[in-house]
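Structure at a glance
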Amino acid sequence: MRRTKEKVIEKLLAASGLMTILTTAGILVILIYESSRFFIDVSIWEFLTGTEWTPLFSKKEFGIWPLLSATFLTSLIALLVALPVGLSIAIYLNEYANRNFRKTVKPMLEVLASVPTVVYGFFALTIVTPFLQQFIPGLAGFNSLSPGIVMGIMIIPMISSLSEDALFAVPRTLRDASYGMGATRFQTVFRVLIPSASSGIIVSVILAVSRAIGETMIVAIAAGQQPNFTFNPLVPVETITTYIVQVSLGDVPRDSLEYRTIFAAGMVLFLLTFVMNNISLWLKRKYHRQYE
Amino acid sequence: MNQLIAKNINVWYGDNHALQDVSMIIDPFQVTALIGPSGCGKSTFLRLFNRMNDYIENFRMEGEILINDINIYDPVVNTEELRKKVGMVFQKPNPFPSSIYENVAFGMRIQGMNKKSELDEVVETSLKKAVLWDEVKDSLKKPAFSLSGGQQQRLCIARTLAVEPEVILMDEPASALDPISTSKLENLIFELKKSYTIVIVTHNMQQAGRISDKTAFFYMGKLIEYDTTKRMFLKPAHLQTQNYITGRFG
Ligand SMILES: Nc1ncnc2c1ncn2[C@@H]1O[C@H](COP(=O)(O)OP(=O)(O)OP(=O)(O)O)[C@@H](O)[C@H]1O
Ligand SMILES: [Mg+2]
């Protein structure tokens, strides 16, 4: 009796594992299938080099760059916010703060990552943008600046936490060597610890950027829905993710070219994050080996 | 260069009374060995001279350490300046993850010296003093990790010498090295004492006998005996010292 029970449990576990793998494979297959159908009608070249994106208008253009530039721009702004702040926090927690402070603050930072993104989006639209408009008169109601900044706040804990781990992993002996040579704390941080932890810090940056690229809610709410090939952070734009939401929720007929655009766009998104995650995995493995 | 003087030193780590009323005078341009069983306080005592214990939580001390007649625990003393005068070589070779050249140049760079010609010169003379120059002169740009353990340890010595210290503290510098590297290191220490005051912790009695002029025997946080190495090894005044040296315990 007990044996059969265990057998059943084992089978169930295996089945759920299989389900996950099959689901992932299924998503991938559909993504590839639908986007390849898209590329029968639209040339890859046109898609990858075009700077007009108007699939929903009568005069249709299928250049991905307006969506891509918006995705890059919002992510870049997020990184410009998150990297200095996140790294400073990591350095402070690691080299300056005492152990108790570190123990209390680290989990508090993680809270930033668990705020629902829709709240962040709302915050960007209704608070940050009006606030910034007081100083930047040209700032439109929808823009990349304010969701970029808010997204930056969201990814701070990713950068600070992973960088902190990387700094923490620097062997004690290197700190000793540096202090023993008469280096100050500041010199030790910037000349020894950060270079030694650089691959871990880069991993944190890549993962954070990858998260920002895939982020949907914040940009959908606060960045606008106007495909716009620009690197001006003050005007409305539309990111890849926003576009996918817009079409998914809209009334575009299912089996149309317009509808398949979201699979092509989704493919680009998938490839971007896939490549970044793999680079970070590869780097992670590399730096784990370094201190063995 | 004057003597290094430890006056009535007491050290605690929390409740652990790690050094108990230790007083000792270390002569300049000599090698002084600190010996004793594990946990007796040798490293703690050594690290007092460059204030490396300051980073340890729960560390507390009483007493004075005088170097050139200045109490280095006086609040006005700048620890960074002190550590340029009192260099340290650690148990495990700990080069920075950068090139051989940059490792030796580190001390100059943190003092704001970036002139290439001067750096080149200091790197070369330091590596020569550490008897490593001939082995690495063609590969200065290579990562320090590519060197053998013994070479890395001599690199760490070169790095220390580059800032022209007066005192060099060594905490079991040969314990991670093979016999050939160890004997190279011992020859080097013998050379260095002409220009530097050296304090070395070692677990190896033969090594203490070979390289040191004076030896201090610690036991459970107390300085039991301190004398010329010759006398300590031939005719120790305390039974504990004799037992330890002859390997009957520890
Ligand atoms: N960082 C520390 N925190 C707390 N206690 C410590 C610390 N370092 C050393 N001690 C304690 O102080 C005493 C002396 O330690 P120390 O490292 O100076 O001994 P040692 O003679 O160098 O030993 P070994 O030969 O094993 O290196 C020991 O009881 C040790 O447990
Ligand atoms: Mg020790």
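An account of the accompanying structure is given in this report. (Residues numbered from 1 in each chain as written. Chains lettered and ligands numbered in written order. Predicted model: local features only at pLDDT ≥ 70, side-chain atom pairs only at ≥ 80, totals over all residues. Heavy atoms only, no water.)

Bringing the pairing of strand S8 (residues 197-201) of chain B into the picture now. Residue and element names in this part refer to chain B. Burial runs high along S8: five of the five residues are buried. Of the two faces of S8, the one carrying Thr-197, Val-199 and Val-201 and the one carrying Ile-198 and Ile-200 are both buried. Across four bridges, the pairing between strand S3 (residues 31-35) and S8 is parallel. Residue pairing across strands places Leu-34 opposite Val-201, the latter belonging to S8. The sheet contact formed by strand S7 (residues 167-171) and S8 spans five bridges and is parallel. Bridging across to S8, Leu-169 finds its partner in Val-199. Once you follow S7 into helix H7 (residues 179-192) and on to S8, the crossover reads as right-handed. (Buried < 20%, exposed > 50% of the residue type's maximum accessible area, 1.4 Å probe, protein only. Helix = DSSP H or I, 4+ residues; strand = E, 2+ residues; numbered from the N terminus. Pairing = 2+ DSSP bridges. Right-handed = clockwise from strand over helix to strand, strands pointing away.)

Moving on to the site of ligand 1. Residues and elements named next belong to chain B. Taken together, 13 residues lie near ligand 1, and Ser-38, Gly-39, Lys-42, Ser-43 and Thr-44 sit nearest. Contacts to ligand 1 include Ser-43, whose side-chain N or O atom sits 2.6 Å from an oxygen atom. Interatomic distance of 3.0 Å between a side-chain N/O atom of His-203 and an oxygen atom of ligand 1. Counting only elements with at least two residues in the shell around ligand 1, the list comes to strand S2 (16-26) and helix H1 (42-48). Broken down by element, the residue count for the shell around ligand 1 peaks at three residues, all from H1. For the shell around ligand 1, the class distribution of residues is four nonpolar, seven polar and two charged. (Near = heavy atom within 4 Å. Polar contact = N/O pair within 3.5 Å; in protein donor to acceptor, adjacent residues only side chain to side chain. Nonpolar A, V, L, I, M, F, W, Y, C, P; charged D, E, K, R; others polar.)

The subject of this paragraph is the side chain of Asn-50 of chain B. Its location among the elements puts Asn-50 of chain B in the loop between H1 and strand S4 (59-67). Here Asn-50 of chain B is in contact with Leu-82, Arg-83, Val-86, Met-88 and Leu-169 of chain B, once residues within four sequence places are set aside. (Contact = heavy atoms within 4.5 Å.)

Below, the discussion takes up the interface of chain A and chain B. The partner chain B presents 19 residues to the 16 residues of chain A that form the contact. Of the roughly 1700 Å² buried between chain A and chain B on both sides combined, carbon and sulfur atoms contribute 67%. The three residues of chain A that bury the most area against chain B are Tyr-179, Met-181 and Arg-191 of chain A, which together make up 34% of that side's buried surface. Put simply, chain A and chain B have one salt bridge between them. Among the salt bridges present, the one from Arg-99 of chain A reaches Glu-57 of chain B, with a minimum N-O distance of 3.4 Å. Across the contact surface, chain A and chain B share three residue pairs in polar contact (both at pLDDT 80 or more). Mapped onto the side of chain A that touches chain B, the elements with two or more residues apiece are helix H7 (172-180) and helix H8 (185-196) of chain A. In terms of residue class, the side of chain A that touches chain B is made up of six nonpolar, seven polar and three charged. (Buried area = accessible area lost by both parts, 1.4 Å probe. Salt bridge = Lys/Arg side-chain N within 4 Å of Asp/Glu carboxyl O.)

Purely geometric numbers; function is a separate question.
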